[in-house]
Amino acid sequence: MFSFLNILRYGFIFIASFSSIYIYRYDNYGQFIVTLLLYMFLVVLDRFIHKLSAKKLLLCIDIIFSVWLCHTYGYLMFFISLSSLFVYVFLLHRGTRWLMLSIHLILLNVSFQHEQALWIICINSTFILTAVLLSLLQYSKNSHEDVIRLYDELRKDHYELDETRKRLIEFTHQVEATAQSGERERIARHLHDHIGHRLIRVKMMMEAAIQIMPSNYPHGMDLMNQIRDQLSGSMDDMRNTVKKMRPATSLTEEYAIDRLLEETGRATGIHTNLKVKGIPILLYPSLQIVLFKNAKEAITNALRHGNATSVEVILTFGNGEVCMAVSNTGEISPLSCTNTRQQGMGLSGMEERVKLVGGHMYIQWEYPFTIVTTLPVYNKNEVV
């Protein structure tokens, strides 16, 4: 931009100088040419001075000299004086710049004070318009430089962020590898200390049973029953270990009743069934957890105490409530024939959970044994 402005400034000077030679008649052309050469010397000298104070002094001499040229050699010298704007508008700070513009304009008006009013108006308008355009150009130049600087800073920050991201990913991989290594060691130790020793014990018991059964069949069968129990415990440990190795799931998947029934049926061999009535809605996590834990506790009781062969869960979505009925085909408790119903810790815990969320629980002791959990359902749009 500065090279373009220098060319424009030199163009103003040369065009005004040669036009004055052909348009005006001077008494001494030699003096006129020497004066112009002296002014050009000042203009060229400005390019070799880098100290700001010296530049300011040279600009002041430039302005005074150009205004004197206007006063001495006519209107065309105004363009020579106008060329000074191309320097100090871009060089000085805003306050100093406007001060020099004011002084420059005042000196021009003084030099042309005896001319016609129309010429003075044209000169002032041209000077002010040129100053405004150059100021806008200078503002645009500064804005462009700010954009480039901000772009460079942004690119530098991007490189730093990218490098930080790479280091963070590398650190994450290291932490993940360490965690996986620790988890593998824990699982291997668990398999060796618990399941491995249990399987060794089962093997020894089977060898003993093989030796004993031909001569003492009842004792051999007792050993076989113990072996079955040991294998069942080993399977439970193995299943729990594999379950812990699974990746974390969402709350909806973790407390899904259908998955609970599926896993129960696969693990125990009983028949499970889930029925949904009404229009299902998305429940709050607290309600979902209460329903899941009550269903799990009811199924555990049915297997442990009722020897159930079938479990059915019915979810009913009604107006402002959700009702879950867990029934099983197990044996009826002898207490069902009495007027007194005793609840164990499991049933008491279920009832406490239900009360915490504002629901209620009902137990049907007659066949089929059924636990009914009813919870209130609130609309998210309702004002509590």
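Each value, and the rule that gives it
- Residues numbered from 1 in each chain as written.
- Predicted model: local features only at pLDDT ≥ 70, side-chain atom pairs only at ≥ 80, totals over all residues.
- Heavy atoms only, no water.
- UniProt positions renumbered as here; feature names shortened; annotations may be inferred.
- Helix = DSSP H or I, 4+ residues; strand = E, 2+ residues; numbered from the N terminus.
- Phe/Tyr/Trp six-rings, centres within 6.5 Å; stacked < 30°, edge-to-face > 60°.
- Buried < 20%, exposed > 50% of the residue type's maximum accessible area, 1.4 Å probe, protein only.
- Pairing = 2+ DSSP bridges.
- Right-handed = clockwise from strand over helix to strand, strands pointing away.

K.L.:
It is not clear to me how the UniProt feature "transmembrane region" (unreviewed entry) in the protein should be interpreted in this structure. Could you clarify?
P.N.:
Look at the UniProt record and you will see "transmembrane region" (unreviewed entry) annotated at residues 7–23, 29–45, 57–80, 86–110 and 117–139. Annotated as residues 29–45, this span is 100% helix and 0% strand, and its ends, taken at the C-alpha atoms, are 24 Å apart. Taken as a whole, residues 117–139 contains 100% helix and 0% strand, while its terminal C-alpha atoms sit 33 Å from one another.

K.L.:
How do you make sense of unusual backbone geometry when you look at a structure like this?
P.N.:
Phi is mostly negative for residues that are not glycine, and the peptide bonds are mostly trans. Following Tyr367, the chain continues to Pro368 via a peptide bond in cis, the omega torsion being -10°. The topology assignment puts Pro368 in the loop between β4 (360–364) and β5 (369–376).

K.L.:
Where do I start with the packing of aromatic side chains in this structure?
P.N.:
By convention here, two paired aromatic rings are described through the distance between centres and the angle between planes. Summed over the entire model, instances satisfying the criterion amount to eight aromatic pairs. Their ring planes at 20° and their centres at 6.4 Å tell us that Phe14 and Phe18 sit as a pair that is stacked. Residue Phe14 and its partner Phe18 are both found in helix α1 (residues 2–23); the two are separated by four residues, about one turn of the helix. Between Phe78 and Phe79, the aromatic rings sit 5.8 Å apart at their centres with planes inclined by 65°, giving edge-to-face as the arrangement. By relative accessible area, which is 5% here, Phe78 ends up buried. For Phe79, a relative accessible area of 36% gives the class partly exposed. Following the ring pairs from residue to residue traces out a cluster consisting of Phe32, Tyr39, Phe65, Trp68 and Tyr73.

K.L.:
What am I meant to see in the pairing of strand β2 (residues 310–317) here?
P.N.:
Side-chain positions along a regular strand alternate between the two faces of the sheet. Burial analysis of β2 places six of its eight residues in the buried class, the great majority of the element. As defined by bridge partners, strand β1 (residues 271–278) adjoins β2 across eight bridges and the pair is classed as parallel. The residue of β2 that forms the bridge with Asn273 is Glu312. The parallel pair β1 and β2, bridged by helix α11 (residues 285–304), forms a crossover whose chirality is left-handed. In textbook terms, the turn of a hairpin is the stretch between consecutive antiparallel strands, and for β2 and strand β3 (residues 321–328) this stretch comprises three residues, one of which, Gly320, has a positive phi near 80°.

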